[in-house]
Amino acid sequence: QVQLVESGGGLVQPGGSLRLSCAASGGTFSSYAMGWFRQAPGKEREFVAGINRGGATNYAVSVKGRFTISRDNAKSTVYLQMNSLKSSDAAIYYCAAQRWGSLNYDYWGQGTQVTVSS
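Not measured: the values here are computed from a predicted model.

Okay, the sheet that holds strand β3 (residues 18–25) next. Taken in spatial order, the four strands line up as β1-β3-β8-β7 in an open sheet, and their pairing is antiparallel. Looking at which strands have only one partner, the edges of the open sheet turn out to be β1 (3–7) and β7 (67–72). The average angle at which neighbouring strand axes cross in this sheet is 15°, direction not considered. By the bridge criterion, six bridges tie β3 to strand β8 (residues 77–82) in an arrangement that is antiparallel. Paired with A23 across the two strands is T77, which belongs to β8.

Here's what the structure looks like:
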C-alpha cells in the first residue's frame, strides 16, 4: 500500500508562487506515474498535471506554462511548482499515484490547501 503526503500549500498573493511536494512511502515510487489534481469548493476534482515513469509530463490547459511537475525518484517525491498564481487556482491540491498497467490513479494523498488572495 502506498501512502502519499502532500505539503507546501498555503496563502499566496495573486502572481505569486508556491511549490507543492508529495512524499510517497510503502511502494516502489519509480514504478508509478504521478499526478496532481485539485478541487475547488463546489467544483469537481480536476486534473492539473501528470508525469510518467520516464519523466514525460502533461498539463491541463489552464495551468500550462505556469505550473511545472517534476519528480525525484531518489527521494520518492513529486513536486508541483506553481508560478503566476491566479485566484482561480485556489483549491485543495491532491497528489495521486498510478500503478503500471492501471487505468486509473490508485492511491491518493489527503490534500493540501492553496489559497490565492490579496
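Moving on, we get to the pattern of salt bridges. Under the counting rule described, the total for this entry stands at four salt bridges. Between R38 and D89 there is a salt bridge whose closest N-O contact spans 2.9 Å. With R38 in strand β4 (residues 33–39) and D89 in the loop between β8 and β9 (91–98), this pair connects stretches of sequence that are 51 residues apart. A single burial state applies to R38 and to D89, both of which are buried. Two residues, R99 and D106, come together in a salt bridge whose shortest N-O distance is 3.3 Å. D106 gets classed as partly exposed once you look at its relative accessible area, which sits at 25%.

The rules behind the values
- Residues numbered from 1 in each chain as written.
- Predicted model: local features only at pLDDT ≥ 70, side-chain atom pairs only at ≥ 80, totals over all residues.
- Heavy atoms only, no water.
- Pairing = 2+ DSSP bridges.
- Helix = DSSP H or I, 4+ residues; strand = E, 2+ residues; numbered from the N terminus.
- Axes fitted to C-alpha atoms, helices over the stretch in contact; angles between N-to-C directions.
- Salt bridge = Lys/Arg side-chain N within 4 Å of Asp/Glu carboxyl O.
- Buried < 20%, exposed > 50% of the residue type's maximum accessible area, 1.4 Å probe, protein only.

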